[in-house]
Amino acid sequence: MQAPSIGGVQLPRGQGQTVRLPRGSSLTDFAEKIGANPASLVAVMMHLGEMVTATQSVGDETLELLAQELNVVVEIVSPEDEDRELLETFDLSWGEDEGGEEDLVIRPPVVTVMGHVDHGKTKLLDAIRNENVASGEAGGITQHIGAYQVMAHAGEDKERRITFIDTPGHEAFTSMRARGAQVTDIAILVVAADDGVKPQTIEALNHAQAAGVPIVVAVNKIDKEGADPAKVRGQLTEYGLVAEEYGGDTMFVDISAKQHLGIEELLDAVILTADASLDLRANPVQDAQGVAIEAHLDRGRGPVATVLVQRGTLRAGDSIVCGDAFGRVRVMLDEHGNTLTEAGPARPVMVVGLTSVPGAGDNFLVVSEDRVARQIAERREARERNAQLARQRKPRFSLENIQEALAAGQRDELLLIIKGDVSGSVEALEDALLKIEVPGDEVHLRVIHRGVGAITESDVSLAAASDAIIVGFNVRAEGKSREAADREGVEIRFYSVIYQAIEEIEAGLKGMLKPEYEEVQLGTAEVRATFSSSKFGTIAGCMVRTGLIRRGTKGRLIRDGAVVQPNLTIDSLRREKDDATEVREGFECGINLGSFNDIKVDDVIETFEMREKPRA
Ligand code: GDP
């Protein structure tokens with residue numbers, strides 16, 4: 001069978017084949033899979049009107065367009081799938097306990113403390129840490145390694161451990177979740193009884209609820225004058241947190257972090273909540289797996305990382321890979337500064353021996369030998385580089401591509417974060433948006449967070465973690481949050497007229513918000529003479545009159561002011577005897593229009609390009 005061609009370029013033979021490509025692959029990656037020359041794929045893209053270099057990482061649409069043209073089926077693989085496959089090639093997997101039900105044993109809950117600034121998160125973590133000194137462990141907690149374990153009793157004689165993540169605030173929580181690491185089992189929401197529910201209280205609550213993490217409320221500062229714990233309970237019912245004593249299922253505990261009141265009760269409440277609503281079990285006898293909580297470069301020890309073991313047992317001497325870092329566990333320390341030889345499920349430990357610093361939220365696993373760890377780490381590093389390039393180009397979830405996601409059955413909800421200049425406008429916008437009716441009722445709109453003020457990094461990480469879109473009404477994004485949004489591929493839409501916001505979001509929900517393209521004229525050339533070549537057909541000897549003529553762009557032929565052929569491609573372009581990619585105004589050139597040969601002297605060749613129109 002003859003290989004197909006477009007515009008004279010022979011297409012590689014790839015018929016019917018299925019190729020799997022990681023998101024953000026380049027044409028070279030594609031070519032490799034089908035055994036073609038990368039340059040020929042560049043040429044094909046050029047004929048399709050896109051200038052792409054062979055090594056540049058491209059978006060999903062480009063890969064799909066190319067696949068269609070080459071008559072192959074392309075499967076674009078997500079980073080998670082890819083990582084799973086990468087591990088599979090080494091006969092490994094991450095995230096599931098090995099064995100069956102009988103191999104699982106109960107493990108401690110992992111807790112994060114969240115709440116409004118100054119409501120006492122840090123003080124509470126200190127109080128819990130100190131409380132533990134009384135209940136055991138000589139020396140107390142001396143090392144701040146990012147997490148620690150304490151004991152609770154929970155009504156029984158038996159002591160039960162709880163693991164606390166030692167970084168207060170929901171930023172840490174959400175940034176880990178954005179990286180795919182669900183570390184927290186239970187969130188303690190700290191609310192000062194003298195101050196009540198505040199914007200960050202609600203923000204923290206939204207973050208926990210979006211992650212499906214049960215909440216225990218610590219009503220703090222009950223020692224203070226003006227403390228009104230009942231009011232806090234009342235306020236939180238509005239957000240779906242109803243205290244047990246009011247018939248709900250959320251545990252509220254009155255505490256004073258300063259005077260160490262209610263701390264034990266709070267720990268008990270954590271255990272009771274875990275027992276009531278979660279099934280926290282893990283297999284302790286397997287190679288360890290978990291997540292990095294914190295990592296930095298220590299002057300003396302090199303990279304150190306605090307990891308949370310989620311399943312299995314981590315041992316000194318194990319070869320591990322953590323994100324794109326790898327190495328061997330040389331030294332393992334707990335929060336008391338003790339050297340450990342092994343650490344089981346829900347145990348946080350500081351590990352020395354990695355060759356580089358992993359990121360918070362990176363997963364880790366023990367592998368059989370150093371070589372495997374190194375290979376996995378290197379492949380992940382290369383993949384992350386590509387993915388980052390691809391992310392910069394296109395939001396992973398935007399109003400324009402929501403229809404695709406809906407059609408693919410991936411979503412039936414559009415999640416929004418609304419930030420506005422004043423609370424009145426935020427409420428008005430939210431009300432109006434929630435009233436949008438979508439025919440067939442297939443799509444729902446849900447506002448997962450709202451607030452007054454500029455768009456912050458925390459908003460961006462929540463959006464990234466939840467695949468939400470941010471709507472800014474009369475507010476801007478701070479410099480850093482803008483960067484974070486670009487990096488994470490989060491779409492932010494700014495509005496200053498409510499009506500316009502509603503119209504666009506409604507259009508997005510109904511699938512009308514296709515990208516708009518506009519034609520941009522590149523240049524014109526006047527035909528001075530024609531030659532015919534046995535190899536190419538008609539070649540037009542031209543003078544470029546305006547702009548420039550570029551090889552591979554679209555063109556049309558105009559004769560006596562009328563368009564003779566609207567859809568042509570500048571198939572080859574020559575300047576004197578050499579091939580040229582472009583020829584500027586005032587120069588002569590030779591143009592071939594592929595299979596179109598009806599060119600006459602005095603015809604005008606006009607070239608143009610379709611560009612995506614920026615939205616107002
Ligand atoms: P964070 O911003 O939530 O971490 O709050 P901090 O833990 O830094 O506490 C803020 C302020 O509240 C500090 O001055 C604490 O000493 C004070 N504070 C925290 N807990 C209590 C408490 O139970 N009672 C009183 N009276 N003050 C507290």
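Here goes a summary of the coordinates provided. (Residues numbered from 1 in each chain as written. Predicted model: local features only at pLDDT ≥ 70, side-chain atom pairs only at ≥ 80, totals over all residues. Heavy atoms only, no water.)

## Structural notes on the sheet that holds strand β19 (residues 348-354)
Part 1: In spatial order, the strands read β13-β14-β19-β17-β16-β20; together these six strands close into a barrel with antiparallel pairing. Neighbour-to-neighbour, the strand axes of this sheet turn through a mean angle of 45 degrees, independent of strand direction.
Part 2: Note that strand β14 (residues 302-311) and β19 share five bridges and pair antiparallel. For Thr306, the partnering residue across the bridge sits in β19 and is Met350. (Pairing = 2+ DSSP bridges. Helix = DSSP H or I, 4+ residues; strand = E, 2+ residues; numbered from the N terminus. Axes fitted to C-alpha atoms, helices over the stretch in contact; angles between N-to-C directions.)

## Overview of the packing of aromatic side chains
Part 1: Overall, the coordinates contain one aromatic pair when judged by the stated rule.
Part 2: Ring centres 5.9 Å apart and planes at 25 degrees place the aromatic pair Tyr148 and Phe164 in the stacked group. Here Tyr148 is found in strand β7 (residues 147-152), whereas its partner Phe164 is found in strand β8 (residues 160-165), with 16 residues between them in sequence. Across the pair, Phe164 and Tyr148 agree in class, each one buried.
Part 3: For Arg311, the ring lying beneath its charged end belongs to Trp94, and the centroid distance is 5.1 Å.
Part 4: Note that Arg476 overlies the ring of Phe494, its terminal NZ or CZ placed 4.3 Å from the centroid. (Phe/Tyr/Trp six-rings, centres within 6.5 Å; stacked < 30°, edge-to-face > 60°. Buried < 20%, exposed > 50% of the residue type's maximum accessible area, 1.4 Å probe, protein only. Lys NZ or Arg CZ within 6 Å of the ring centre and 35° of its normal.)

## Brief notes about the sheet that holds strand β6 (residues 110-115)
Pairing between the strands of a sheet is mediated by backbone hydrogen bonds and can be parallel or antiparallel.
Part 1: With respect to topology, six strands assemble into an open sheet ordered β7-β8-β6-β9-β10-β11, the strand pairing being mixed. If you trace the sheet from one side to the other, it starts and ends with β7 and β11 (252-254), each paired once. If you compare each strand with its neighbour and ignore which way they point, the axes differ by 30 degrees on average.
Part 2: Pairing of strand β10 (residues 215-220) with β11, which is carried by three bridges, proceeds in the parallel orientation. Residue pairing across strands places Ala218 opposite Val253, the latter belonging to β11.

## Describing the packing of helix α1 (residues 27-34) against helix α2 (residues 38-47)
Part 1: At a minimum axis distance of 8 Å, the contact between α1 and α2 shows a crossing angle of 120 degrees. With respect to their mutual orientation, α1 and α2 come out oblique. Handedness of the α1/α2 crossing: right-handed. Taking contact as the criterion, the partners of Leu27, Thr28, Phe30 and Ala31 in α1 are, on α2, Pro38, Leu41, Val42 and Met45. (Parallel < 35°, antiparallel > 145°, perpendicular 65-115°, else oblique. Left-handed = near helix turned anticlockwise from the far one by under 90°. Contact = heavy atoms within 4.5 Å.)

## Thoughts on the site of the ligand
Part 1: The immediate surroundings of the ligand are formed by 15 residues, with Asp118, Lys121, Thr122, Lys123 and Asp223 found nearest.
Part 2: At a separation of 2.5 Å, an oxygen atom of the ligand approaches a polar side-chain atom of Thr122.
Part 3: Separating a nitrogen atom of the ligand from a side-chain N or O atom of Asp223 is a distance of 2.7 Å.
Part 4: Contact with the protein chains covers 76% of the free accessible surface of the ligand, which is 580 Å².
Part 5: Considering each element in turn, the shell around the ligand owes the most residues, three residues, to helix α5 (residues 121-134).
Part 6: Looking at the shell around the ligand residue by residue, the class counts come to two nonpolar, six polar and seven charged. (Near = heavy atom within 4 Å. Polar contact = N/O pair within 3.5 Å; in protein donor to acceptor, adjacent residues only side chain to side chain. Areas by Shrake-Rupley, 256 points an atom, 1.4 Å probe, with all protein chains shown as cover. Nonpolar A, V, L, I, M, F, W, Y, C, P; charged D, E, K, R; others polar.)

## Some details on the environment of Leu261
Part 1: In this structure, Leu261 sits in the loop between β11 and α9 (263-277).
Part 2: Spatially, the C-alpha atom of Leu261 lies 8.7 Å from that of Ile222, the residues being 39 residues apart in sequence.
Part 3: The residues touching Leu261, leaving out its near neighbours within four places in the chain, are Asp254, Ile255 and Ser256.

## Brief notes about the pattern of salt bridges
Part 1: Applying the stated criterion across every chain, the model contains 37 salt bridges.
Part 2: Among the ionic pairs, Arg20 bridges to Glu75, the shortest N-O distance being 2.5 Å. A residue pair is termed long-range when its members are at least 10 positions apart, and Arg20 in strand β3 (residues 18-22) and Glu75 in strand β4 (residues 73-77) qualify at 55 residues.
Part 3: Through salt bridges with shared partners, a single network forms among Glu526, Arg528, Arg545 and Glu588. (Salt bridge = Lys/Arg side-chain N within 4 Å of Asp/Glu carboxyl O.)

## A closer look at α2
Part 1: For α2, the tally of buried residues reaches seven of 10 residues, placing the bulk of the element in the interior.
Part 2: Taken as a whole, α2 has its buried residues at Ser40, Leu41, Val42, Val44, Met45, Met46 and His47.
Part 3: One side-chain oxygen of the residue at the start of α2 lies 3.0 Å from the amide nitrogen of Ala39, identifying that residue as Asn37.
Part 4: Following α2 by one or two positions, Gly49 adopts a phi angle in the positive range, close to 90 degrees.

## Description of the state of the cysteines
Part 1: Scanning the model with the defined rule gives zero disulfides in all.
Part 2: Free of any disulfide, Cys589 has its nearest cysteine sulfur in Cys542, 5.1 Å distant.
Part 3: Note on Cys589: relative accessible area 6%, which makes it buried. (Disulfide = S-S within 2.5 Å.)

## Quick look at unusual backbone geometry
Part 1: A positive phi angle is found at Asp91, which is not glycine, with a value near 65 degrees.
Part 2: Secondary-structure assignment places Asp91 in the loop between α4 (79-88) and β5 (105-106).
Part 3: One non-glycine residue with positive phi stands out, namely Glu576, at about 55 degrees.
Part 4: In this fold, Glu576 is placed in the loop between β29 (572-575) and β30 (578-579).
Part 5: By relative accessible area, Glu576 is classed as exposed at 69%.

## Looking at the nonpolar core
Part 1: Core analysis: the biggest nonpolar cluster contains 28 residues, and Leu124, Ile128, Ile162, Phe164, Ile188 and Leu266 have the highest contact counts within it.
Part 2: Those residues in contact with Ile188 that sit more than four places away from it in its chain are Val111, Thr112, Val113, Met114, Leu124, Phe164, Val216, Ala218, Leu266 and Val270. (Core = buried A, V, L, I, M, F, W, Y, C linked by side-chain atoms within 4.5 Å.)

## Let's talk about the pairing of strand β23 (residues 469-473)
Part 1: Along β23, five of the five residues are buried, which leaves the element largely enclosed by surrounding structure.
Part 2: Every second residue of β23 is oriented toward a common face, with Ile469, Val471 and Phe473 on one face and Ile470 and Gly472 on the other, all of them buried.
Part 3: Relative to β23, strand β21 (residues 413-420) runs parallel, the two sharing five bridges. If you follow Lys419 over to β23, its bridge partner there is Gly472.

## Side note on the pairing of β7
Part 1: Counting buried positions over the six residues of β7 gives five, a clear majority of the element.
Part 2: As judged from the six bridges shared by β7 and β8, these two strands associate in the antiparallel manner. Note on β8: the bridge partner recorded for Tyr148 is Phe164.

## Focus: a negative patch on the surface
Part 1: Judged by side-chain charge, Glu457, Glu478, Glu483 and Asp486 come together as a negatively charged surface patch.
Part 2: With respect to the helices and strands, Glu483 occurs in helix α14 (residues 479-488). (Patch = residues over 30% accessible without salt bridge, like charges linked within 9 Å, V, L, I, M, F, W, Y side chains within 5 Å. Lys, Arg positive; Asp, Glu negative; His and termini not counted. Charge placed at Lys NZ, Arg CZ, Asp CG, Glu CD.)

## Observations concerning the packing of helix α13 (residues 457-466) against α14
Part 1: At a closest axis distance of 8 Å, the pairing of α13 and α14 adopts a crossing angle of 15 degrees. The orientation of α13 with respect to α14, classified from their angle, is roughly parallel. Both α13 and α14 take part in a crossing whose hand is right-handed. Residue-level contacts link Glu457, Val460 and Ala464 of α13 to Lys480, Ser481, Ala484, Ala485 and Glu488 of α14.
Part 2: Of the residues belonging to the contact of α13 with α14, the class tally is four nonpolar, one polar and three charged.

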